[in-house]
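Understanding the architecture of this molecule
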Amino acid sequence: MLAKGQPKFLPRGTKLYLFYASLACIMRPTAGIVWLPLMLWHLVRTNNKVMTVIKDYIPIGLLALLWSMCIDRICYGKWVFVPYNFVHFNVFHDIGAFYGSHPFYWYLTQGVPVVMATHMVPFLLGVKVSWRRLKPLLILMAWIIAVYSCLSHKEFRFILPIMPLAICICGAFFQLVHGSSRATWTVAFLVVTNLPVALYTGMLHQRGTLDVTMHLQMSQLELETKGPSVLFLMPCHSTPYYSHVHQNVTMRFLGCEPNLRNRSNYREEAETFYDAPGKWLQREYGSKTKQPSYLVFFNTLQPKIGGYLKRNVYEKVASFFHTHFPTERVGKHVYVFAKVNMPDMMGPEGGLHNGRIRGM
């Protein structure tokens, strides 16, 4: 890609990369942000531009769209053009702003420094020594950041595609200093500043929501005769949900859907719940016949719903560490409470059956 002179693109290579690019864009429309400039770069440097567009770009693009529409037709039961809906809601209607807005410079002042962390050092050194040769990668990184900066809602994960590009630029610096003490000290610096953080965030920090779903998955919930149900009283999408439970169990979490119907004074379900947790539970689950078998929530919520737990005979049966840095809604531990007065959940001596959720 970065070699000097006019490259000779093989027809087979062109079709193959267009296939992977179209597949990526179908799976995640935002992949087009990365692939669009690369395709233009390839097209500009191709000898026969018109024939390349006619023989490669258009057929592969149309086949990918047709394939995507057929899959969506099967899943939705009607013809749906998902890429249009994606752009319509996320760009034209800016639905993401419902979850928070940031200034246009946020990625430059916070996003990029946090995502790259201490890799910023070899990255800047790589830019210094090889910026001319690596100009296509730098332009592509600038393009990705610029496009996402135009959207009001910003997240660190949106600009993760710049990391492989940045690592390539870091490699340019290490290639220059290979075998020197400078390279050794730089690698040591990266290991010391990244390994402890990686181990802590990967093995300890915020692991409770993962542990609790794995615990539910191993608890044989679907063996209960009356049909178990689990209610997650947490900020929405706190757990991996069915992707880890893998059982035929009714589950529910607090919703945080955007205001797609443009209703006045709209508030998401999670916000309504946290305004008055006890009242929300009484309203949604006042009847004993519809109460969930298990409640999963952070320890910070227990004082606010303690009355509901006591009145409806729920008992704590499991606890999992989550974080050393709790907040108002995200606590230090994740609790599992079970409705212990259900006959099918009680053992012969009044305890939970073997294989059911147990305290840890």
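Every value quoted in this text rests on a predicted model; they were computed, and no experiment measured them. (Residues numbered from 1 in each chain as written. Predicted model: local features only at pLDDT ≥ 70, side-chain atom pairs only at ≥ 80, totals over all residues. Heavy atoms only, no water.)

Details of the sheet that holds strand β1 (residues 229-233)
Reading across from one edge, β2-β1-β3-β5-β4 is the order of the five strands in this open sheet, with mixed pairing throughout. Of all strands in the sheet, those bounded by a partner on one side alone are β2 (250-253) and β4 (314-321). The sheet shows a mean angle of 20° between the axes of neighbouring strands, taken without regard to direction. Taken together, the seven bridges between β4 and strand β5 (residues 333-339) define a ladder with antiparallel strand orientation. Paired with Tyr314 across the bridge in β5 is Lys339. Those strands touched by helix α10 (residues 208-217) are β1, β3 (294-298), β4 and β5, and its axis lies near 125° from that of β4. (Pairing = 2+ DSSP bridges. Helix = DSSP H or I, 4+ residues; strand = E, 2+ residues; numbered from the N terminus. Axes fitted to C-alpha atoms, helices over the stretch in contact; angles between N-to-C directions. Contact = heavy atoms within 4.5 Å.)

Considering the pairing of β5
Counting buried positions along β5 yields six of seven residues, so the element is predominantly enclosed. Here five bridges tie β3 to β5, and the two strands are oriented antiparallel to one another. Bridging from a neighbouring strand, Val296 pairs with Val336 of β5. (Buried < 20%, exposed > 50% of the residue type's maximum accessible area, 1.4 Å probe, protein only.)

Thoughts on the confidence of the model for the protein chain
When pLDDT is averaged along the protein chain, the result is 87; 89% of the residues meet or exceed 70. Per-element confidence in the protein chain ranges from a low mean pLDDT of 86 for helix α1 (residues 11-27) to a high of 96 for β3. Counting contacts from residues 1-6, a segment whose pLDDT is below 50, to residues more than four positions away or on other chains yields 13 contacts. (pLDDT = per-residue confidence, 0-100.)

Brief notes about the layout of surface pockets
Roughly 1500 Å³ of volume is contained in the largest pocket. Where the lining of the largest pocket is concerned, the elements lending two or more residues are α1, α2 (31-44), α3 (49-76), α4 (82-92) and α7 (135-149). In terms of residues, the lining of the largest pocket owes the most to one element, α3, which gives nine residues. Here the lining of the largest pocket is built from residues that sort into 29 nonpolar, nine polar and six charged. (1 Å grid on protein atoms, 1.4 Å probe; cavity = no way out; pocket = protein on both sides within 12 Å on 5 of 7 lines; lining within 4 Å. Points joined across faces, edges and corners; volume = space filled by probe spheres on them. Nonpolar A, V, L, I, M, F, W, Y, C, P; charged D, E, K, R; others polar.)

Quick word on the packing of α2 against α7
Two numbers describe how α2 lies on α7: the axes approach to 9 Å, and their chain directions differ by 140°. Looking at the two axes, α2 sits oblique to α7. Crossing geometry of α2 relative to α7 is assigned as right-handed. Two secondary-structure elements touch here, α2 through Ile33, Val34, Leu36, Pro37, Leu38 and Trp41 and α7 through Pro136, Leu140, Trp143, Ile144, Val147 and Tyr148. When grouped by side-chain class, the residues that make up the contact of α2 with α7 number twelve nonpolar, no polar and no charged. (Parallel < 35°, antiparallel > 145°, perpendicular 65-115°, else oblique. Left-handed = near helix turned anticlockwise from the far one by under 90°.)

A word on a nonpolar patch on the surface
Together, Val50, Met51, Ile54, Ile58, Leu62, Leu65, Phe81 and Tyr84 make up a nonpolar patch on the protein surface, roughly 740 Å² of accessible area in all. For the nonpolar patch, the element with the most residues is α3, which contributes six residues. When you line up the elements, Leu65 lands in helix α3. (Patch = residues over 30% accessible without salt bridge, like charges linked within 9 Å, V, L, I, M, F, W, Y side chains within 5 Å. Areas by Shrake-Rupley, 256 points an atom, 1.4 Å probe, with all protein chains shown as cover. Salt bridge = Lys/Arg side-chain N within 4 Å of Asp/Glu carboxyl O.)

Describing the side chain of Ser149
Residue placement: Ser149 occurs in helix α7. Overall, the relative accessible area of 14% leaves Ser149 in the buried class. In this structure Ser149 touches Phe104, Tyr107 and Lys154, once residues within four positions along its chain are discounted.

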